[in-house]
Amino acid sequence: MELADLRAKIRDIKNFPTEGILFKDITTLLKDGPAFRFVIEHLAERYRHERVEIVVGIESRGFIFGGALAASLNAGFVPVRKLGKLPGKTIEVEYELEYGRDALAVHEDAIRSGQRVLAVDDLLATGGTMAATLRLIEQLGGRVIGVTFLIELAFLHGRDKLKNYPLHSLIVYD
Ligand code: AMP
């Protein structure tokens, strides 16, 4: 398995969820055992010596990679979710979408001050979702030691919103 093989396992779906969007469907990669394992091992290797204490995954595809990565790094996993899903006391953040606004939440006791946090999502597009997530992490006192994605759509320049953080993506579309 190589990175080029992984790229071939991601399926493009035109006009989903709305007209004009080219959706990167990762379910075709996930159902392939060696491909999924390759992703997790590759990411885990990169962060193995960073003393990650908490992996934060963003709903919902970030949970798939974040959970597996946390287990591999012997770190805890913390979900960042849409509003109204988490049962305990939360802190929340609003952020801009292309059209309108959205919000994310995390349990207020999910991260202790000073903990070393790695944030994970499946895909970086405009960067708004991850930037909002990093605000939540830092509000709880977490130290963001890395930000990682399976896929980066570089032509949307999401990286510019995250330039104060070490950022890595496995597969980049220019
Ligand atoms: P953004 O906040 O613009 O960086 O969007 C990132 C979030 O939207 C991620 O959680 C992605 O799963 C999802 N997303 C955005 N664009 C796409 C796309 N073209 N294909 C698949 N997922 C996408």
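In case you missed it, the structure is sitting above this.
Residues numbered from 1 in each chain as written. Predicted model: local features only at pLDDT ≥ 70, side-chain atom pairs only at ≥ 80, totals over all residues. Heavy atoms only, no water.

### Quick notes on unusual backbone geometry
(1) Moving on: Here the bond from Phe 16 into Pro 17 is cis, since omega is -5°, no more than 30 degrees from zero.
(2) Moving on: With respect to the element layout, Pro 17 can be found in the loop between β1 (11–14) and β2 (22–25).
(3) Moving on: With an omega of -10°, the peptide bond running from Glu 59 to Ser 60 counts as cis.
(4) Moving on: One non-glycine residue with positive phi stands out, namely Asn 15, at about 60°.
(5) Moving on: Relative to the helices and strands, Asn 15 resides in the loop between β1 and β2.
(6) Moving on: A relative accessible area of 38% means that Asn 15 is categorised as partly exposed.
(7) Moving on: Even without being a glycine, Arg 51 presents a positive backbone phi close to 50°. (Helix = DSSP H or I, 4+ residues; strand = E, 2+ residues; numbered from the N terminus. Buried < 20%, exposed > 50% of the residue type's maximum accessible area, 1.4 Å probe, protein only.)

### A word on the site of the ligand
(1) Moving on: Close to the ligand lie 13 residues; Arg 61, Asp 122, Thr 126, Gly 127 and Thr 129 are nearest.
(2) Moving on: In the environment of the ligand, an oxygen atom lies 2.8 Å from a nitrogen or oxygen atom belonging to the side chain of Arg 61.
(3) Moving on: Look at the ligand: alone it shows 490 Å² of surface, and the protein chains cover 82% of it.
(4) Moving on: Taken together, the elements giving at least two residues each to the shell around the ligand come down to β2, β7 (116–124) and α5 (128–139).
(5) Moving on: Looking at the shell around the ligand, its residues break down into 5 nonpolar, 4 polar and 4 charged. (Near = heavy atom within 4 Å. Polar contact = N/O pair within 3.5 Å; in protein donor to acceptor, adjacent residues only side chain to side chain. Areas by Shrake-Rupley, 256 points an atom, 1.4 Å probe, with all protein chains shown as cover. Nonpolar A, V, L, I, M, F, W, Y, C, P; charged D, E, K, R; others polar.)

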